[in-house]
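Coordinates in review
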Amino acid sequence: MKLYEKTFSTGEFAKLVEVNKDTLLYYDKIDLFKPAGTFENGYRYYTYSQVDQFSAIQSLRAVDLPIKELKHYFSSPNVEDLQRLAMQQNEKVAKEIQKLQHIQQFLERTVALTKELEQVVLSEVTIQALPAEPVVYSSERIDWTKPMEELYELFTPFHKTLGVKSTAAYGVVYPKEEYWKSNNFMEPESEAESYLFCHTDAPSVVMKPAGDYAIIYHKGPFEEIQRTYNILFSHLKKKGFELDGDIHEEYLLHSIVTKEEENYITKISVKVKQ
C-alpha cells in the first residue's frame, strides 16, 4: 500500500493545503510538522494522510496557541488533551467572533448612515412610515445643568453597560408627556426628564413602535438646535399633526464625519398622528 500511496512535493502539498511553501519548510525546521518521508534523491514528500494534522495545526496557530504547546501535544496526541485544547481555544474564538461582530455592526451602520447623509435635506420636515425597531434607554435621566463636556461623557459608561461601542446609533430621547403638551408644542421645561438611548439588541431592549414619524435634520452645534425644533413644530401644527410618541435626537457620526461642530448633523424624529 505504501508503495502506491500518492505523494506530494513540498510545493504541491503547500498548494493542496493553501499555504506558502516557506511555511512547510519552517514547520519542518522546528520539528512541528515533518514530511512523510524523503526520496532517494533527497527531496521531501507529503501524503494525503497528513492533511488533517496540518489543518489542525493551522487552526490552533490561528488562535495564537504557542508552538511549544503544539509540539508537546503532537509529540503524543490523545483524546483528553485534544478535548482540553479544543475547549480552551473555542473560548478564545468566541471572543474574537464577538469583536468581529462589533466591527461588522459599525461598518454596516457607517454605510447606512453615509447613504442617509447623502439624501439629507436640511431644515425640511418629512413624514415617513417606519417599522418597529429595538431600542435601549438609560435608567438615569440627563442633568442638563451640567457642562456639555460632562454630558458627552455620559455615553461611554452607558455603552459599556450594553456591551457596545460608541460608534453605535445613539442619542437623547425626550418623553412626550414631560416635554410638550399635545397640539401646543410648547418649549421644554428646564426640569423635564430626558434619557440616553441606543439602537441595539441588548437584554433590556424595548421596541420603538412602528408608525408615521416626522423627521427633520439639524446642522450645527447643539446650542442652536431649538431653531430646528421651531421649524418642526410649526410644520406639524400647520399640517394638523399632534405628537404620538417620544422625541428622539440621534447623532449621525458627528466626530467621525467632521471636526467642526458647525457641520454636525442631528436627526430629530417623533411619531405623529393627525
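Every value quoted in this text rests on a predicted model; they were computed, and no experiment measured them. (Residues numbered from 1 in each chain as written. Predicted model: local features only at pLDDT ≥ 70, side-chain atom pairs only at ≥ 80, totals over all residues. Heavy atoms only, no water.)

Let's shift gears to the sheet that holds strand E3 (residues 44-47). Read from one edge of the open sheet, three strands run E1-E3-E2, paired in antiparallel fashion. Edge positions in the open sheet fall to strand E1 (7-8) and strand E2 (37-38), since each of these has one partner strand only. Across two bridges, E2 lies against E3 in antiparallel orientation. Bridging from a neighbouring strand, Gly37 pairs with Tyr45 of E3. (Pairing = 2+ DSSP bridges. Helix = DSSP H or I, 4+ residues; strand = E, 2+ residues; numbered from the N terminus.)

Across three bridges, strand E5 (residues 133-137) lies against strand E8 (residues 206-208) in antiparallel orientation. Bridged to Val135 within E8 is Val206. Pairing geometry for E5 and strand E7 (residues 195-198), over two bridges, is antiparallel. Looking across to E7, one finds that Tyr137 is bridged to Phe197.

Turning next to the pattern of salt bridges. Tallying each qualifying case throughout the model produces 11 salt bridges. Two residues, Lys99 and Glu96, come together in a salt bridge whose shortest N-O distance is 3.7 Å. Here the residue Lys99 and the residue Glu96 both occupy positions in helix H5 (residues 79-118), the gap between them amounting to three residues, near one helical turn. A single salt-bridge network, built from bridges that share partners, covers Asp28, Asp31, Lys34 and Arg44. (Salt bridge = Lys/Arg side-chain N within 4 Å of Asp/Glu carboxyl O.)

Attention now goes to the environment of Trp144. Take Trp144: it is sitting in the loop between E5 and helix H6 (148-152). Spatially, the C-alpha atoms of Trp144 and Ser194 are 8.9 Å apart, while their sequence positions differ by 50 residues.

Tyr229, Leu232 and Ile247 are the most contacted members of the largest nonpolar core, which totals 23 residues. For this core, the secondary structure elements donating two or more residues are strand E6 (170-174), E7, strand E9 (211-219), helix H9 (226-239), strand E10 (242-251) and strand E11 (265-273). Looking at this core element by element, the count peaks at four residues for H9. Residues Ala14, Leu24, Ile30 and Leu60 belong to the second largest nonpolar core, which totals 19 residues. (Core = buried A, V, L, I, M, F, W, Y, C linked by side-chain atoms within 4.5 Å. Buried < 20%, exposed > 50% of the residue type's maximum accessible area, 1.4 Å probe, protein only.)

On to helix H4 (residues 67-75), then. Residues of H4 that are buried include every one of Leu70, Tyr73 and Phe74, and no others. End-on view of H4: buried residues confined to an arc of 90°, all on one side of the axis. H4 presents Lys68, His72 and Ser75 as exposed residues on the side facing more than 90 degrees away from its buried surface. Contact partners of the buried residues in H4: helix H3 (51-62) and H5. (Arc of directions from axis to C-beta. Contact = heavy atoms within 4.5 Å.)

What follows concerns the packing of aromatic side chains. Applying the stated criterion across every chain, the model contains 12 aromatic pairs. Ring plane angle 15° and centroid distance 4.7 Å describe the contact between Phe13 and Tyr46, whose orientation is recorded as stacked. With Phe13 in helix H1 (residues 10-16) and Tyr46 in strand E3, the pair connects residues that are 33 residues apart, well separated along the chain. A relative accessible area of 0% means that Tyr46 is categorised as buried. Grouped by ring-pair contacts, the aromatic residues Phe8, Phe13, Tyr26, Tyr27, Phe33, Tyr46, Tyr48 and Phe54 constitute a single cluster. The positively charged end of Lys6 is found above the aromatic ring belonging to Phe8, 5.1 Å away from the centroid. (Phe/Tyr/Trp six-rings, centres within 6.5 Å; stacked < 30°, edge-to-face > 60°. Lys NZ or Arg CZ within 6 Å of the ring centre and 35° of its normal.)

Quick look at a negative patch on the surface now. A surface patch of negative charge is lined by Asp143, Glu149, Glu150, Glu153, Glu223, Glu260, Glu261 and Glu262. Looking at the secondary structure, you find Asp143 in the loop between E5 and H6. (Patch = residues over 30% accessible without salt bridge, like charges linked within 9 Å, V, L, I, M, F, W, Y side chains within 5 Å. Areas by Shrake-Rupley, 256 points an atom, 1.4 Å probe, with all protein chains shown as cover. Lys, Arg positive; Asp, Glu negative; His and termini not counted. Charge placed at Lys NZ, Arg CZ, Asp CG, Glu CD.)

As a further point, take H5. Here H5 contains 40 residues, and its C-alpha end-to-end distance of 57 Å stays within 8% of the 58 Å for a straight helix at 1.5 Å per residue. Buried residues of H5: Leu85, Gln89, Arg109, Thr110 and Leu113, and no others. Next to the buried residues of H5 lie H3, H4, E6 and E10. Measuring from the side-chain oxygen of the N-cap residue of H5 to the backbone nitrogen of Glu80 gives 3.2 Å; that N-cap residue is Asn78. (Expected span 1.5 Å × (residues − 1). Polar contact = N/O pair within 3.5 Å; in protein donor to acceptor, adjacent residues only side chain to side chain.)

The next thing to look at is a nonpolar patch on the surface. Taken together, Leu100, Ile103 and Leu107 make up a surface patch of nonpolar side chains, about 290 Å² in accessible area. Mapping Ile103 onto the fold places it in helix H5.

Within the chain, Asp31 stands out as a residue other than glycine whose phi angle is a positive 60°. Here Asp31 is to be found in the loop between helix H2 (21-29) and E2. Classification of Asp31 as partly exposed rests on a relative accessible area of 49%.

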